[in-house]
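Structural overview
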Amino acid sequence: MLKFNNEKFTSLFNDLDKHNYIREAYYYDKEKYAFGKNSLHNAGAYYIQDASAMMVVNLLKVEKGDKVLDLCAAPGGKSSQILSKLKNTGILVSNDISNKRAQILSENIERMGASNAYVLNEEIDSLEEKFYGFFDKVILDAPCSGMGMFRKNKEVKDDWTLNKALSLSETNKKLILQAYNCLKEGGVMVYSTCTFAIEENENVIDYLLNNTNASIIKIEMKKDFNKALGNNEGPIRLYP
């Protein structure tokens, strides 16, 4: 939070449930609070997103002064969270390939009041060329078949096919190599999706490991985490 802090937030809403691992995150009762319609939301005091999505930035461990790239950034939840950790230091480049989604991304970042963010609407090929070896931290929240959204979006469920998952797996193998090339030596990347297919998750990570000198930073297992599929013990899965 750039315009608010935990103390101010909890003084106004003191009966929320804290996130198990993220200090600045809370669960709320939708029947009790209309947080999306609150004037503080419109003013950029806080951002609403899924708890599992917030784990991505938490695991990236963004520090003041970092140069960070959020590659598939719209609508802006992770970018907003990154900015709250940078505290107007360093640089955040938030990109989305969709012009329409990039406009939404820009509106959300502007609402948060950041002075160190750049919103782009570029092909990743162009970013790879211009920012080769530049960033300390990269997030690739990759396009996926969205199995994690089945519980709240029937259209996503009806649209899912195995061929779609396999096609996106090939897309993400290319994207993860390009994202990796944007990291400086010793930089850190988090790869994430909101789907469960091994083809879009562990197989993509294995492809990166087999084609670069990247290595896994093993995530410490917590009670809410699940082990990855396949032979790789580094990544985690979060289930609804």
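Throughout what follows, the structure given in this document is the object of discussion. Within every chain, residues take consecutive numbers counted from 1 along the sequence as written. Reporting of local features is limited, given that this is a predicted model, to residues whose pLDDT is at least 70; pairs of side-chain atoms are given and counted only at 80 or more, and all residues count toward the totals for whole chains, interfaces and linings. Side-chain calculation: all heavy atoms of the structure are included, whereas hydrogens and water are not.

1. Considering the packing of helix α3 (residues 51-60) against helix α4 (residues 77-86)
- The angle between two axes is taken between their N-to-C directions and runs from 0 to 180 degrees, where each axis is a line fitted to C-alpha atoms and a helix contributes only its stretch in contact. Put simply, DSSP marks the helices as runs of H or I at least four residues long and the strands as runs of E at least two long, and each gets a number from the N terminus on. With their axes 9 Å apart at the nearest point, α3 and α4 run at an angle of 40 degrees to one another. When the interaxial angle is binned, α3 and α4 end up oblique. Crossing hand, α3 versus α4: right-handed. Contacts between α3 and α4 involve A53, M54, V56, V57 and N58 from the former and K78, Q81, I82 and K85 from the latter.
- Residue classes follow a fixed rule: Ala, Val, Leu, Ile, Met, Phe, Trp, Tyr, Cys and Pro count as nonpolar, while Asp, Glu, Lys and Arg count as charged, and any other residue, Gly among them, counts as polar. Residues that form the contact of α3 with α4 fall into these classes: five nonpolar, two polar and two charged. In what follows, roughly perpendicular refers to angles from 65 to 115 degrees, roughly parallel to angles under 35, roughly antiparallel to angles over 145, and oblique to any angle outside these ranges. If you view the pair so one helix is near and one far, a crossing is left-handed when the near helix is turned anticlockwise from the far one by less than a right angle, and right-handed when it is turned clockwise. Contact criterion: two residues are considered in contact whenever any of their non-hydrogen atoms come within 4.5 Å of each other.

2. A look at the packing of aromatic side chains
- Ring pairs are drawn from Phe, Tyr and Trp, using the six-membered ring of Trp, whenever the two centres fall within 6.5 Å, and their geometry is named by plane angle: stacked under 30 degrees, edge-to-face over 60, tilted for the rest. For the coordinates displayed, the defined rule picks out 14 aromatic pairs.
- Seen from their ring centres, Y21 and F225 are 5.4 Å apart, and the 55 degrees between their planes marks the pair as tilted. Placement of the pair is Y21 in the loop between β1 (17-18) and β2 (26-27) and F225 in the loop between α9 (202-211) and β8 (226-227), with a sequence separation of 204 residues.
- An aromatic cluster is defined as three or more aromatic residues linked by ring pairs; in this entry it consists of F9, F13, Y26, Y28, Y33, F35 and Y46.

3. Comments concerning the pairing of strand β4 (residues 91-95)
- Buried residues are those whose accessible area, probed at 1.4 Å on protein chains only, stays under 20% of the maximum for their type, while exposed residues exceed 50% and partly exposed ones sit between those limits. In terms of burial, β4 is a largely internal element, four of the five residues being buried.
- Two strands make a pair as long as DSSP finds a minimum of two bridges between them. Sheet analysis places strand β3 (residues 67-70) next to β4, joined by four bridges and oriented parallel. If you follow L69 over to β4, its bridge partner there is V93.
- Crossover connection from β3 via α4 to parallel β4: handedness right-handed.
- Bridge analysis of β4 against strand β5 (residues 117-120) gives four bridges, and the strand direction is parallel. Note that in β5 the partner of L92 across the bridge is A117.
- Following the backbone out of β4, through helix α5 (residues 99-112) and into the adjacent parallel β5, one traces a crossover that is right-handed. The handedness of a crossover follows from its direction of travel: if, with the strands pointing away from the viewer, the path from the first strand over the helix to the second runs clockwise, the crossover is right-handed.

4. Comments concerning the environment of P235
- On the secondary structure map, P235 appears in the loop between β8 and β9 (236-237).
- Take P235: its relative accessible area is 14%, and that puts it in the buried class.
- Sequence separation between P235 and I219 is 16 residues; the distance between their C-alpha atoms is 6.3 Å.
- With residues up to four places along the chain from it excluded, the contact list for P235 reads I205, I216, I219 and A228.

5. Re the sheet that holds β5
- Strand order in the open sheet made by the five strands is β5-β4-β3-β6-β7, with parallel pairing throughout. With one partner strand each, in any of the chains shown, β5 and β7 (183-192) form the two edges of the open sheet. Going from strand to strand, the sheet's axes swing by 15 degrees on average, the running direction of each strand aside.
- Both β3 and strand β6 (residues 135-141) contribute to a ladder of three bridges, which runs parallel. Note that in β6 the partner of D70 across the bridge is I139.
- Along the sheet, α4 contacts β3, β4, β5, β6 and β7; its crossing angle with β4, the most-contacted strand, is approximately 175 degrees.

6. Looking at the side chain of K78
- Relative to the assigned elements, K78 resides in helix α4.
- K78 sits in the buried class, given a relative accessible area of 12%.
- Those residues in contact with K78 that sit more than four places away from it in its chain are Q49, A53, V56, V57, D70, I139, D141 and S192.

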